[in-house]
Amino acid sequence: MNETTPAAVAQVLPPRKSPAASEDGAPRPAAGPEPALTQRLVGLLQRQGVLAVLLTVVIVASFVYPTFATLDNTRGVTVQASFLAVVALGMTMVIITGGIDLSVGSVFALGGVLAAWASQWGILPALFVPLTVCGAIGLLNGFLIARAGMAPFIVTLATLLAARGMLLAFTDEGATTYLVPKGSAFAELGQGSVWGFGHPVLIALGLFGAGGLLLQRTSFGQTLFAVGGSSDAATLMGLPVARTKLLVYTLSGLLAGLAGALNAARLSSGVTIVGVGTELDAISAVVIGGTLLVGGAGSVSGTLWGVLLLAVIQNLINQIGSLNSSYQSVVSGGFLIVVVVAQRGLARSRRTT
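For clarity, every value in this text was computed on a predicted model and none was experimentally measured.

**Q** Could you clarify how one ought to interpret the packing of aromatic side chains in this entry?
**A** Both the distance between ring centres and the angle between the ring planes are used here to describe each pair of aromatic rings. Per the stated rule, a full pass over the model turns up three aromatic pairs. Taking 5.5 Å as the distance between ring centres and 90 degrees as the angle between the ring planes, the aromatic pair formed by W117 and F170 counts as edge-to-face. Here F170 lies in helix α6 (residues 152–170) and W117 lies in helix α4 (residues 104–118), a separation of 53 residues in the sequence. On the numbers, 5.3 Å between centres and 35 degrees between planes, the contact of F170 with Y178 is tilted. You can call F170 partly exposed: its relative accessible area is 27%. Of the aromatic side chains, those joined through ring pairs into one cluster are W117, W121, F170 and Y178.

Okay, structure coming up:
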C-alpha cells in the first residue's frame, strides 16, 4: 500500500491565499477604523438623535419667544410631561420586548378616578387601590399574551375598552366626579414641590433612574432585549420568556395607574375624560426616543427626551396662540413618520458597514 507523504499532500492541495489577498491574488487594503467608527456614530445617532433635536428646538424657541425660557414656564412644562413620562416608561419596557400596550390610556384614567375616590381614607388607600386594580389589568394582559399566546394588539385593545367601561360604570357614565380632599397628604403629593419643581417631576425622574439601572445593570433588563431580539432564540437560551412578558405588562399597568393617581392629586379630582389618546402619545414618545417598534433595542433616556420634545412642542403651540392643541397631533405624527423612516435608514446603514 502506498503511503501518502506530507509533500504529496502539499502538491495536491491548492495554495492557500493570504487573508489580505483578494480573489485575483492582489493585496487587499487593510481594514481601517472607519467601519467601526461609522457604526458607533450611527448607533449614537439612533439612540440620542432626539436629544439633539430637543436642544435645537429649545434654543430656537428661547430666542423667538422670551417667555419660553422662564423658570415658571419650565416648571409647567416638566410637570405636564411627568405624567406621560411615567406611562411611557412602562411602554418602553413593553416595546423593547416586541410588544405593545394600547390599554395604558384607559388604565391611566381609571387609576385617577380610583385614587380620587379612595383619597377620602388617606394617601395609602389613594395609592394602593389604583395600583392594585391597574396592576391586575396589566397582569391580565401579560397572562393572555405570555401564557395564552394571544396577540398583544388584540389583548390590550380589549382591556382598553374594558378599563374605559369600568371607569364609566364607576362614575355613573361620567356624571359623578370624585374630589380629592383639600390639604390632604395625597393632594400635596401632586401639588407640592421641592426646590421649585413639583413632586410628580421628581417621582418621574426617580422612576426613570431606576428604569435605566433595571435595563442596563440587571439580568432582567438584558432578558428584555433578548426577548425583543428573538423570542424563539431567547427560549432556546433558557431565558424565562413567558415570565418576562408577564412581568413587563404588569409593570406597564402599575406605572399607568400610578401616573393616573398623580394626575388626580394634581387636579384634585378624578377627571373621567382624561387619557384619551395617551397610549398613542406614549408610543410616539418611545419611538421618537429611538426604541425600535420591532423590539430588541431602546433606552429609557431616549424615551425621556421624546416625552420632553412632545411637551415642548405643545408648549410652543400654546406660545404661538393662533394655533389650537390639535396641531400637536399633526406635529407629533410628522415627527413619528420622520423618526421611523430614519430608524430604517440607520438600521440599513449599520448592516452595510
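Now that the structure has been shown, the text picks up again.
**Q** Any chance you could explain the confidence of the model for the protein here in plain terms?
**A** Any residue range with low pLDDT should be treated as having predicted coordinates unsuitable for detailed reading. On average, residues of the protein score 82 in pLDDT, and 79% of them reach the 70 mark or higher. When the criterion is pLDDT under 50, residues 1–32 qualifies, and its contacts beyond four places in sequence or with other chains add up to 11 contacts.

**Q** Can you help me understand the environment of P130 in this one?
**A** Position of P130 among the secondary structure elements: in helix α5 (residues 123–147). Residue classification places P130 among the buried residues on the basis of a relative accessible area of 0%. Sequence spacing of P130 and G112 is 18 residues, and the spatial spacing of their C-alpha atoms is 7.4 Å. In this view, P130 contacts G111, L114, A115, P125, G135, G257 and A261; residues no more than four positions away in its chain are not counted.

Here is what the cut-offs are and how they apply
Residues numbered from 1 in each chain as written. Predicted model: local features only at pLDDT ≥ 70, side-chain atom pairs only at ≥ 80, totals over all residues. Heavy atoms only, no water. Phe/Tyr/Trp six-rings, centres within 6.5 Å; stacked < 30°, edge-to-face > 60°. Helix = DSSP H or I, 4+ residues; strand = E, 2+ residues; numbered from the N terminus. Buried < 20%, exposed > 50% of the residue type's maximum accessible area, 1.4 Å probe, protein only. pLDDT = per-residue confidence, 0-100. Contact = heavy atoms within 4.5 Å.

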